[in-house]
Amino acid sequence: MVRKKRSDTPGSGEGSEPQETGVGRGAVQRPPVQLQQPHQPQPPYQPQQPQQPQQQGGGGRGWAPQRGGYGGRGGGGGRMAPPQHYGGPPEYQQQGRGGQQYQRGGGAPRRGAYSGGRGEAPFAGGPSRPPAPELHQAATQSPYQATMTQPIQYGSPAETLRGASSSFQPPEPTDVEVSEQIQQLSIQPDAAPSQEMQPASSKSVRFPLRPGKGSNGTRCIVKANHFFAELPDKDLHQYDVSIIPEVSSRGVNRAVMAQLVKHYRDSHLGKRLPAYDGRKSLYTAGPLPFVAKEFKITLTDEEDGPGTARREREFRVVIKFAARADLHHLGMFLQGRQADAPQEALQVLDIVLRELPTSRYSPVGRSFYSPDLGKRQPLGEGLESWRGFYQSIRPTQMGLSLNIDMSSTAFIEPLPVIDFVTQLLNRDVSARPLSDADRVKIKKALRGVKVEVTHRGNMRRKYRISGLTSQATRELTFPVDERGTMKSVVEYFQETYGFVIQHTQWPCLQVGNTQRPNYLPMEVCKIVEGQRYSKRLNERQITALLKVTCQRPQERELDILQTVHHNAYAEDPYAKEFGIKISEKLAQVEARVLPPPWLKYHDSGREKDCLPQVGQWNMMNKRMVNGGTVNSWICINFSRNVQDSVARSFCHELAQMCSTSGMAFNPEPVLPVLTGRPDQVERVLKARYHDVTTKLQPHKKELDLLIVILPDNNGSLYGDLKRICETDLGIVSQCCLQKHVYRMSKQYLANVSLKINVKVGGRNTVLVDALSRRIPLVSDRPTIIFGADVTHPHPGEDSSPSIAAVVASQDWPEVTKYAGLVCAQAHRQELIQDLYKTWQDPVKGTMHGGMIKELLISFRRATGQKPQRIIFYRDGVSEGQFYQVLLYELDAIRKACASLEPNYQPTVTFVVVQKRHHTRLFANNHHDRHAVDRSGNILPGTVVDSKICHPTEFDFYLCSHAGIQGTSRPAHYHVLWDENKFTADALQSLTNNLCYTYARCTRSVSIVPPAYYAHLAAFRARFYMEPETSDSGSMTSSAVGGRGAGPGGRTTRPPGANAAVRPLPQLRDNVKRVMFYC
């Protein structure tokens, strides 16, 4: 066997990107998209319609889902486009907020509308295909406009789904066609719909260009952990490598290639030092002196100690010229003169810079770890944390930049297996025999782990554990010859190695394959060093790991600088060979600190409005702007240690705090506090709910709130309770832990009252600018803001589903109340499947539904308005998935709108929110008291949209929150679609201001609240799954430097490519209308 640091499984990355071979984090494979052929016939798009009876009267089709239309009101004439009418059942008829009718505005065809102008969407391939919408992106004013704006071409829905993950290869256009299209380009500042931009390249969908830089806020300088990388002027060559026999281990491949370079560099490789990706590609700075060549390499297994016959393995290596990697286009891209990032060139540079650290350290995804990079810290249960660094080359406005950040992750301690098991079970294991639960725990922890044997002197053979034996070591026998003579394991070790097994009552480790299992007693095995632990950490381990990674900004900055210095890129033989030079200074970047927004509170309080200071404020002298009403409530106490009198006085204090804060809260419960047994949660809840309903029903009242007191360590109790309340009984609940009930601090009660208020339909605060209609592109016409997220199961859970959540604002112009919906979908599927769906009803025919439609209808019910504008914040998408997510989810939004009413197409802005990145911002001067908050971090509201951002696209970093401990991580916002034509200032200010409207605390938060709420709702829905598939909690052991997606990564398979997923139990209607997830 070959000695290597770590078995490098594909996809064991710490980042959330799929681990493609060495692709840089900027490396996005953008699928080519079909060209619009100018000479084809262009039938208009007919949106799919719910089958409805012909309407009578002058009304437009109503939003009554799947019902016959009702007559709407006649529309006004003039230059206005015909108004959109609402028919529908009585609840749609009431026209809220002055009953505004929706007018398209003076006649001009609106972007994104399907009626007229641009709406006459051509589709790929002529009229033989079913018509489908083509999505146009509003052209942004920009010097590069002519070459860069391009409509997305949609095929039929089925093709769109296929396209989501295939590389839909377009037929290459002829030169004549391309020149025809270029001649048709119109470079007017604001292209009219009929003069829509044609693509200059057939290669890909275009994301919107940056509409200029922002200028709001106070200017300042910050430092970023990006290091300028000089672009080499070398002639890069790529060669295909095949190693025969093929091995799956990158470590073995690297060892083979290292031998080849060592023996043949001078004689056969023209003295070149190649960079190798560990799989099929080799890169050189300049050509090798051959087109194809075969080499014979012998690897000697160094693991069998000295003085023994070493095993030798023969390999054939064929190296064949593949292509020249083009750095010219990378230069063009960085200057903004080309739209697509040339992935191959970025990939080569990334591989070159990873070559040296890969040989020195243990690589995990894009990071490198080693005990030499910082002190190991025990995490408990046989794990320890290793320090390391993250490294990725990225294209930015300043040119190429190397992003370096500190990172820590969990490794298995290199202990004797007996000691590991003792730590894992946390007891003296020789005292009593192992229970079944113990065995399961040991098997789970050790499966796949590499061990070396210690009973053969210097011969340290290595094996991978496949399982545990069901019998004890003393009972195990195996055949020693062809005749089937059996020998016991205990005898065999005694006779062959003179080794007496002590722990004969323990099971053996099974190594090798299951057909020919090998038995090794635990006491002769030691865990091999350098194996990352990729399964789930428990709470204590997470806390210990966070403690290690939590560094003040100044310390982190110093560590990053030391890492860059220690890596000595100037001395790196590979960087030298390829001519890559890395700066040793942090990038200095222009930033702006956006002002906080004024917040409105109720006029009856002493302070009617409030200007937050450094990202925080409090509720002193303020009352909620819309206090909710709690007439009927009860309390159930599941904590044995909390006496009834304590529970009563806690409820009294909480009720009083809610009243003081502005709610109408009845001081007396409907029934007295009940103490229940945690193991009978369902019975207790249902019986009490029955009692309270019996008492309230004659008065036509319902239960408004359930207060629950829980033990501090309550296992599955919290989840069970939420599942029963929200999907079965239809009541909102507020859980309080025993420790808080005893302390009863005013701060705690005030925070809980904020949560209760939004759960019963109140509002805590709203933006003053929202009430005075001063928010650009939100206040002028009805706007709905969506947030969406998908949470995936932990690594190691192979079958449990992923959960998608979508929330949407239900009030306008305030935009603070968000209703939420959740659904389960295929394991690790990133595309949200239930945004739009159709199904066949035996009577009514094709039916349309899904989360978007349901939330649009509930917005209409709540406000009396149809949204004319959609802002969609999408969390949790890595760069490699931007295309699939945009194509699939924007199409779903379009179809959901069209299913409500023909030609109903509100303009859409689609923004991805990312927290899993490694860019950190530091104050230029840590000692300037005006430049940092109390934790030493940059000030809340700091926004960066230059230098370290994308060369041409519309993205920005925003640190909207004040730091508490450690180094703040700014959120990264990347606009993938923008028909609303946001300016940089408008979108940055809106996003920052929304961060001050988060309901659960009086602080601005680090990501925009709709995305935060979607994350909370998805997290909550994990508890709704059947116990055997649920596994609550949200941390994986992937480095805390960036929460990873674990082995397997996320998939963007189109729906239908997976087994059926058991649906979640439905939320009750009265629950989904309020912010139950808070």
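Remember, predicted model here, so these are calculated numbers, not experimental data.

## Some details on the overall build of the chain
Then, in step 1: When helices and strands are counted, the chain shows 25 helices and 41 strands.
Then, in step 2: Looking at the 1078 residues of the chain, the share that counts as buried comes to 59%.
Then, in step 3: Considering only contacts within the chain whose residues lie at least 6 apart along the sequence, 74% involve residues at least 24 apart.
Then, in step 4: For the chain, the accessible area works out to roughly 43600 Å², and carbon and sulfur atoms hold 49% of it.

## What about the pairing of strand β28 (residues 705-710)?
Then, in step 1: Among the six residues of β28, six are classified as buried, and the element is accordingly described as predominantly covered.
Then, in step 2: Residues Leu-705, Ile-707 and Ile-709 point to one face of β28 and Leu-706, Val-708 and Leu-710 to the other, with burial holding for every one of them.
Then, in step 3: Taken together, the five bridges between strand β25 (residues 633-637) and β28 define a ladder with parallel strand orientation. Considered in β28, the bridge of Trp-633 is made with Leu-705.
Then, in step 4: Summarising the sheet, β28 and strand β29 (residues 733-737) pair through five bridges and their orientation is parallel. Looking at the pairing, Ile-709 lines up with Cys-736 of β29.
Then, in step 5: Of the crossover connections in this fold, the one passing from β28 over helix α17 (residues 717-729) to the parallel β29 is right-handed.

## Re the pairing of strand β31 (residues 783-791)
Then, in step 1: Within β31, nine of the nine residues are buried, which leaves the element mostly enclosed by the surrounding structure.
Then, in step 2: Residue alternation in β31 divides its side chains into two sets, Thr-783, Ile-785, Gly-787, Asp-789 and Thr-791 and Ile-784, Phe-786, Ala-788 and Val-790, and both sets are buried.
Then, in step 3: As paired elements, β31 and strand β36 (residues 869-875) share six bridges and run parallel to each other. Across the sheet, Gly-787 pairs through a bridge with Tyr-873, a residue of β36.

## Some words on the packing of helix α9 (residues 417-425) against helix α10 (residues 436-446)
Then, in step 1: It is the contact of α9 with α10, at a shortest axis distance of 11 Å, that shows an interaxial angle of 120°. Accordingly, the angle class assigned to the pair α9 and α10 is oblique. Judged by the twist between their axes, the crossing of α9 over α10 is right-handed. Residue-level contacts link Val-417, Phe-420, Val-421, Leu-424 and Leu-425 of α9 to Asp-438, Lys-441, Ile-442, Ala-445 and Leu-446 of α10.
Then, in step 2: The residue inventory of the contact of α9 with α10, partitioned by class, reads eight nonpolar, no polar and two charged.

## Some thoughts on the nonpolar core
Then, in step 1: Counting residues in hydrophobic clusters, the biggest one holds 133 residues, and the most contacted among them are Phe-786, Tyr-873, Tyr-973, Tyr-1013 and Tyr-1077.
Then, in step 2: Among the elements that take part in this core, helix α22 (residues 882-900) stands out by supplying 12 residues, more than any other.
Then, in step 3: Among residues more than four places away in sequence, those in contact with Phe-786 are Val-806, Val-807, Ala-808, Ile-852, Leu-855, Leu-856, Ile-870, Ile-871, Phe-872, Tyr-873 and Pro-1010.
Then, in step 4: In terms of nonpolar packing, the next biggest core, distinct from the first, is built from 56 residues, Phe-227, Ala-255, Tyr-283 and Leu-586 among them.

## Overview of the side chain of His-950
Then, in step 1: Here His-950 shows up in the loop between β39 (942-944) and β40 (955-959).
Then, in step 2: Here Thr-952 takes part through its backbone nitrogen, which lies 3.0 Å from a polar atom of the side chain of His-950.

## Observations concerning the packing of helix α21 (residues 851-863) against α22
Then, in step 1: Contact geometry for α21 and α22: axes closest at 8 Å, N-to-C directions at 50°. As judged from the angle between their axes, α21 and α22 are oblique. Between α21 and α22 lies a crossing of right-handed hand. Side by side, α21 and α22 meet where Ile-852, Lys-853, Leu-856 and Ile-857 of the first sit next to Ile-893, Ala-896, Cys-897, Ser-899 and Leu-900 of the second.
Then, in step 2: Of the residues assigned to the contact of α21 with α22, the class counts are seven nonpolar, one polar and one charged.

## What to know about α22
Then, in step 1: Compared with the 27 Å implied by 1.5 Å per residue over 19 residues, the 27 Å span of α22 between its first and last C-alpha is a close match.
Then, in step 2: The buried fraction of α22 is high, at 19 of 19 residues.

## Points about the packing of aromatic side chains
Then, in step 1: Inspection of the entire model under this criterion finds 26 aromatic pairs.
Then, in step 2: Taken together, a centroid distance of 4.5 Å and an interplanar angle of 25° make the contact between Phe-207 and Tyr-883 stacked. With Phe-207 in the loop between α5 (175-184) and β1 (218-224) and Tyr-883 in helix α22, this residue pair connects regions lying 676 residues apart in the sequence.
Then, in step 3: Judged by its relative accessible area of 3%, Phe-207 falls in the buried class.
Then, in step 4: Between the aromatic rings of Tyr-718 and Phe-1023, the centroid separation amounts to 5.5 Å while the plane-to-plane angle is 80°, which identifies the pairing as edge-to-face. Of this pair, Tyr-718 sits in helix α17 while Phe-1023 sits in the loop between α24 (1009-1021) and α25 (1069-1072), and the two are 305 residues apart along the sequence.
Then, in step 5: On the basis of relative accessibility, which here comes to 26%, the residue Tyr-718 falls in the partly exposed class.
Then, in step 6: One aromatic cluster is present, formed by Tyr-818, Tyr-998, Tyr-1012, Tyr-1013, Phe-1076 and Tyr-1077 through successive ring pairs.

## Details of unusual backbone geometry
Phi is mostly negative for residues that are not glycine, and the peptide bonds are mostly trans.
Then, in step 1: Here the amide bond leading from Ile-244 into Pro-245 is cis, since omega sits at 0°, within 30 degrees of zero.
Then, in step 2: Within the secondary structure, Pro-245 sits in the loop between β3 (236-244) and α6 (250-268).
Then, in step 3: Here Trp-812 and Pro-813 are connected by a cis peptide whose omega angle stands at 15°.
Then, in step 4: Examined against the element boundaries, Pro-813 turns out to sit in the loop between β32 (802-809) and β33 (818-825).
Then, in step 5: At Lys-271, a residue that is not glycine, the phi angle is positive and equals roughly 65°.
Then, in step 6: Tracing the backbone through its elements, the reader meets Lys-271 in the loop between α6 and β4 (275-276).
Then, in step 7: For Lys-271, a relative accessible area of 55% corresponds to the exposed category.
Then, in step 8: Phi at Lys-947 takes a positive value of approximately 60°, unusual for a residue other than glycine.

## Regarding the pattern of salt bridges
Then, in step 1: Per the stated rule, a full pass over the model turns up 44 salt bridges.
Then, in step 2: The residue Arg-460 makes a salt bridge to Glu-452 at a minimum N-O spacing of 3.0 Å.
Then, in step 3: On the basis of relative accessible area, Arg-460 is assigned to the partly exposed category, the value being 31%.
Then, in step 4: It is possible to trace a salt-bridge network through shared partners that takes in Glu-294, Lys-296 and Arg-316.

## As for the sheet that holds strand β13 (residues 450-453)
Within a sheet, adjacent strands bond to each other through the backbone by hydrogen bonds, running parallel or antiparallel.
Then, in step 1: Pairing within the open sheet is antiparallel, and its five strands lie in the order β18-β17-β14-β13-β19. The strands lining the two open edges of the sheet, one partner per strand, are β18 (518-521) and β19 (525-527). With strand direction ignored, the average angle separating the axes of adjacent strands in the sheet is 55°.
Then, in step 2: Pairing analysis gives four bridges linking strand β14 (residues 462-472) to strand β17 (residues 507-511), with the strands arranged antiparallel. Across the sheet, the residue bridging to Leu-468 is Leu-509, located in β17.

## Some thoughts on the confidence of the model for the chain
Then, in step 1: In this model, the chain carries an average pLDDT of 82, and 77% of its residues clear a pLDDT of 70 or more.
Then, in step 2: Under a pLDDT of 50 for its full length, residues 304-308 has, in the predicted model, nine contacts with residues more than four places off or in other chains.

## Observations concerning the sheet that holds strand β38 (residues 921-923)
Then, in step 1: An order of β33-β32-β31-β36-β37-β41-β40-β39-β21-β1-β38 is seen for the 11 strands of this open sheet, with the pairing classed as mixed. Strands at the two margins of the open sheet, each flanked by one partner only, are β33 and β38. Taking each pair of neighbouring strands and ignoring which way they run, the sheet shows an average axis angle of 30°.
Then, in step 2: Sitting on the sheet, helix α13 (residues 553-567) is in contact with β1 and β38, with an inclination near 115° to β38.
Then, in step 3: Strands β36, β37 (907-914) and β41 (971-978) of the sheet are contacted by α22, whose axis makes an angle of about 145° with β37.

Cut-offs used in this document
Residues numbered from 1 in each chain as written. Predicted model: local features only at pLDDT ≥ 70, side-chain atom pairs only at ≥ 80, totals over all residues. Heavy atoms only, no water. Helix = DSSP H or I, 4+ residues; strand = E, 2+ residues; numbered from the N terminus. Buried < 20%, exposed > 50% of the residue type's maximum accessible area, 1.4 Å probe, protein only. Contact = heavy atoms within 4.5 Å. Areas by Shrake-Rupley, 256 points an atom, 1.4 Å probe, with all protein chains shown as cover. Pairing = 2+ DSSP bridges. Right-handed = clockwise from strand over helix to strand, strands pointing away. Axes fitted to C-alpha atoms, helices over the stretch in contact; angles between N-to-C directions. Parallel < 35°, antiparallel > 145°, perpendicular 65-115°, else oblique. Left-handed = near helix turned anticlockwise from the far one by under 90°. Nonpolar A, V, L, I, M, F, W, Y, C, P; charged D, E, K, R; others polar. Core = buried A, V, L, I, M, F, W, Y, C linked by side-chain atoms within 4.5 Å. Polar contact = N/O pair within 3.5 Å; in protein donor to acceptor, adjacent residues only side chain to side chain. Expected span 1.5 Å × (residues − 1). Phe/Tyr/Trp six-rings, centres within 6.5 Å; stacked < 30°, edge-to-face > 60°. Salt bridge = Lys/Arg side-chain N within 4 Å of Asp/Glu carboxyl O. pLDDT = per-residue confidence, 0-100.

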